[in-house]
Amino acid sequence: MNERELRGLIAHVKTGRLSRRGFVRRMMAVGLTAPMATQLLAISGVAMAQSPSTYKPTKRGGGGHLKVLWWQGATLLNPHFAVGTKDQDGSRFFYEPLAGWDANGNLKPVLAESIPGREDGTLAADGKSVTWKVKKNVKWHDGKPFTADDVLFNWEYARDPAAAATTSATYKDVKVEKVDDYTVKVLFDAPTPFWALAFVGAQGMIIPKHLFADYMGAKSRDAPTNLKPVGTGPYMFKDFKPGDMVTGVINPNYHDANKPYFDSFEMKGGGDAVSAARAVLQTGEYDFAWNLQVEDEILQRLEKGGKGRVSISPGGNMEHIQLNTTDPWTPDADGERSKLGTKHPTLQFPEVRQALSVLVDKDSVEKYIYGRTGNATANFVNNPEKFRSKNTKYEFNVDKANEILDKAGWKKGADGIREKDGKKLKFVYQTSINQPRQKTQAIVKQACQKAGIDIEVKAVTASVFFSSDVANPDTYTKFYCDLQMYTVTMTQPDPELFMKQFLSEEQATKANKWQGRNITRWSSKEYDDNFKAGQAELDPVKRAAIFIKANDLVIANQVVIPVIARHAVQAMANKLHANMSGWDNNTWDIQDWFKDA
């Protein structure tokens, strides 16, 4: 579909000759997601559809205690420092964005009065600004009023480099102005097709100015409220034991009538995914379990327990192996490793990376481990389909790996391990403790051994691996090893923010407290220039081509090795109603969760 055809379809929607639903279907048929289709309509002057409500309770409270399991426990409750979905999801009980994404790609107002649109001028026709009107009479949990000043403050807070916020990529390239006490305007340097990013969804939760203003920049980590949240959300803070338990009680003054349903909640952390699944599906001890990275055979067996059901939602999450571009073994005078400017002793050579890329038996990982919960893939970007490259392919070929290394002069020594110029192909390959991941490690290790590559597997407790503790050497953001594997989540229906993790300016370093999103520390001017062209491209066809090229550059350079495109998998009690969205965090609509009587 070219730009002229696209504009013609939009014109038909405006005149009523094509229904909104028909337009979205046409866009999805050519690979555009529902959220992107609705945003195209919005920027062209067609109002965004209202998300239908499935909430049944007619009064606030009375639902008793909600028990949920996140087997990777939350380690902090400031959404601007969330290093994984566990922290985002834990924060969302207390903090809220202006709007969230539902499963159908519609924006749903939360702290916003309404969704911006062309019809009332809140969405600029040139795509260079969006105006948000926030709800009046919303109060923070301590009784202070929520206003536009809080929204503006979050922009200032997150974009400050000294704060090293994980949300900085969302806010640093925009400008935010206060229009009045209940209105803010977000301005973009160029026409911006994906305008609903700042203050929206998983990256958009808003913290109170009056409690964080004294903890800006370098002092941001010292704020007491990082561990004792005071938000606008449906639940108020009760207690927090990092890595273990978050508890809260109903907010009696919540701004949405008759919500929430539950009187209190506990978010239990720790353990493992299998025991979490069992606690919902088989024993019924818990109402919900998150991120069930469990062999599908086990899930099907547990479902026979009859207490719950497995929910599978396709999205953009990617289980992948990262290849370190820096030297993780030689510390500088301050003890920092994997430092910018250094080169990995052996992974710097393309033939080594190429050999590793054909030593990952992805089909076996899919067939014997993930089943219906994930698919083997050659791409880092797999959804939306329009952005999925057809230029890539994957193969598992031990003979080819041997041939590549032989040709490049890597000879096997007496111990069977290849070496060249005194450097051996010996790698430490780390991931979190999790049965599917340890089985994947074993598959990779066995294949590498046949090619003369020695793999030392390392498994780190999930609460440590995904921790934001800057003093811990085993966190994935430090990447103090050769290879590492985990899932990176895609919480927007567009790859722009997702692919920022390969930008040079996003490299994780000691200076930014290892909060930069580029963990491999790869740097490519070609990638950077291509990416920035995509940020301002309004034509969806051209934009898709730009991000496909971004994916292809990452794959061709073996910056990462994609393994499995993972679906979101949760367990729910049979009576629980919880709407999952592939485009937002798991607790995006926690205020709407309820149980049948």
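A quick note: this is a predicted structure, and the numbers were derived from the prediction, not measured.

Conventions used here
Residues numbered from 1 in each chain as written. Predicted model: local features only at pLDDT ≥ 70, side-chain atom pairs only at ≥ 80, totals over all residues. Heavy atoms only, no water. Core = buried A, V, L, I, M, F, W, Y, C linked by side-chain atoms within 4.5 Å. Buried < 20%, exposed > 50% of the residue type's maximum accessible area, 1.4 Å probe, protein only. Contact = heavy atoms within 4.5 Å. Salt bridge = Lys/Arg side-chain N within 4 Å of Asp/Glu carboxyl O. Helix = DSSP H or I, 4+ residues; strand = E, 2+ residues; numbered from the N terminus. Pairing = 2+ DSSP bridges.

Caption draft 1: Just the nonpolar core, in detail. Membership of the largest hydrophobic core comes to 125 residues, with the highest contact counts inside it found for Trp132, Phe199, Met499, Tyr527 and Trp593. Discounting chain neighbours no more than four positions away, the residues touching Met499 are Phe380, Val381, Tyr527, Phe531, Ala550, Asn551 and Val554. One finds Ile369, Ala376, Leu425 and Phe427 within the second-largest nonpolar core, a separate group that totals 31 residues.

Caption draft 2: View of the pattern of salt bridges. Here the structure, examined in full by the defined rule, presents 28 salt bridges. The closest approach of N and O atoms between Lys268 and Asp244, which form a salt bridge, is 2.5 Å. Taken together, the residues span a long stretch of sequence, with Lys268 in strand E9 (residues 264-269) and Asp244 in the loop between strand E7 (235-241) and strand E8 (245-250) at a distance of 24 residues. On the basis of relative accessibility, which here comes to 25%, the residue Lys268 falls in the partly exposed class. Across the salt bridge formed by Lys439 and Glu295, the nearest N and O atoms sit 2.8 Å from each other. With Lys439 in helix H13 (residues 435-450) and Glu295 in the loop between strand E10 (288-289) and helix H9 (296-303), the pair connects residues that are 144 residues apart, well separated along the chain. For Glu295, a relative accessible area of 7% gives the class buried.

Caption draft 3: Local environment of the sheet that holds strand E15 (residues 423-424). The three strands lie next to each other as E13-E14-E15, forming an open sheet whose pairing is antiparallel. Edge positions in the open sheet fall to strand E13 (411-412) and E15, since each of these has one partner strand only. Relative to E15, strand E14 (residues 418-420) is paired through two bridges, and the arrangement is antiparallel. Bridging from a neighbouring strand, Glu419 pairs with Lys424 of E15.

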